[in-house]
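# Overview (structure and organization)
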Amino acid sequence: MGHDPDMFRASCLAAFGTLRRSEVCALTAEDVTGCFVRIHKGMVDAGNSEWIIKPIPKNKSSNRIVEYPQCVIDALPPAGRLVNLNPDQVTRRHERDLKALKIEQFRFHDLRHYTASIMHALRIPDQYIMSRGGWASDKTLKKIYRGRSAAMKTGL
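First, a word on what this report is: a plain description of the structure on this page. Nothing here was measured: the structure is a model prediction, and the numbers come from that model.

About the thresholds
Residues numbered from 1 in each chain as written. Predicted model: local features only at pLDDT ≥ 70, side-chain atom pairs only at ≥ 80, totals over all residues. Heavy atoms only, no water. Helix = DSSP H or I, 4+ residues; strand = E, 2+ residues; numbered from the N terminus. Buried < 20%, exposed > 50% of the residue type's maximum accessible area, 1.4 Å probe, protein only. Contact = heavy atoms within 4.5 Å. Areas by Shrake-Rupley, 256 points an atom, 1.4 Å probe, with all protein chains shown as cover. Patch = residues over 30% accessible without salt bridge, like charges linked within 9 Å, V, L, I, M, F, W, Y side chains within 5 Å. Salt bridge = Lys/Arg side-chain N within 4 Å of Asp/Glu carboxyl O. Pairing = 2+ DSSP bridges. Axes fitted to C-alpha atoms, helices over the stretch in contact; angles between N-to-C directions. Parallel < 35°, antiparallel > 145°, perpendicular 65-115°, else oblique. Left-handed = near helix turned anticlockwise from the far one by under 90°.

## Side note on the overall build of the protein
The number of helices and strands found in the protein is seven helices and five strands. With 156 residues in all, the protein has 41% of them scored as buried. Of the contacts made within the protein by residues no fewer than 6 positions apart, 64% connect residues no fewer than 24 positions apart. Carbon and sulfur atoms make up 56% of the accessible area of the protein, which amounts to about 9100 Å² in all.

See below:
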């Protein structure tokens, strides 16, 4: 299995920044300033195998600016789209890569949940986790990290 720079960048953006597939795929170099990435759009299926950039992410609270470690920023291209994939391609490549690496299957979206769970385990206040992930309320957030924490304790 060869190195897939698009999937590496997609995984880093999701895992370090709690981004959704649609957000990852819509990002361009213009959205990056220093170590900050502005999340303000999403790539969505327009039908007939066509993908379009929607000028807003999933919901209003999803508009946000996320700080990344320098190592993630250094992996991003200086111009154009940050990840040259659509959300379905991200899912398919993620599944393929897990299988090739003989890693137990999990959804790409679970990278987002994992990060929220780790932040919670580090006792980062919920309002900061919610802000980073673009969650409007703590209802979804608590469901996510409670479920992940329980799974981690049982070894699932």
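## Some points on a nonpolar patch on the surface
The grouping of Leu101, Ile103 and Phe106 at the surface amounts to a nonpolar patch, some 250 Å² of accessible area in total. As for its position among the elements, Leu101 is in helix 4 (residues 87–101).

## Here we look at the sheet that holds strand 5 (residues 64–67)
Taken together, three strands build an open sheet; the order of strands is 1-2-5 and the sheet is antiparallel. Two strands lie at the open edges of the sheet, namely strand 1 (32–33) and strand 5, each paired on one side alone. Pairing of strand 1 with strand 2 (residues 36–39) involves two bridges; the strand directions are antiparallel. Bridge assignment links Thr33 to a residue of strand 2, and that residue is Phe36.

## Regarding unusual backbone geometry
Backbone geometry places Ser49, a non-glycine residue, at a positive phi of 60 degrees. With respect to the helices, strands and loops of the structure, Ser49 is situated in the loop between strand 3 (42–47) and strand 4 (50–54). Judged by its relative accessible area of 75%, Ser49 falls in the exposed class. The phi dihedral of Arg123 is positive, around 65 degrees, even though this residue is not glycine. Positionally, Arg123 belongs in the loop between helix 5 (110–121) and helix 6 (126–133).

## Regarding the packing of helix 5 against helix 6
Following both chains from N to C, one finds helix 5 and helix 6 inclined at 160 degrees, their axes separated by 10 Å at the closest point. The orientation of helix 5 relative to helix 6 falls into the category roughly antiparallel. For the crossing formed where helix 5 meets helix 6, the hand is right-handed. Contacts between helix 5 and helix 6 involve Arg112, Ala116, Met119 and His120 on the former and, on the latter, Asp126, Tyr128, Ile129, Arg132 and Gly133.

## Side note on the pairing of strand 2
Only one face of strand 2 is covered, namely the one carrying Val37 and Ile39; the face carrying Phe36 and Arg38 has none of its residues buried. Here strand 1 folds back onto strand 2, and the loop between the two strands holds two residues, one of which, Gly34, carries a positive phi near 60 degrees.

Geometric descriptors of this kind do not, in isolation, establish any biological role.
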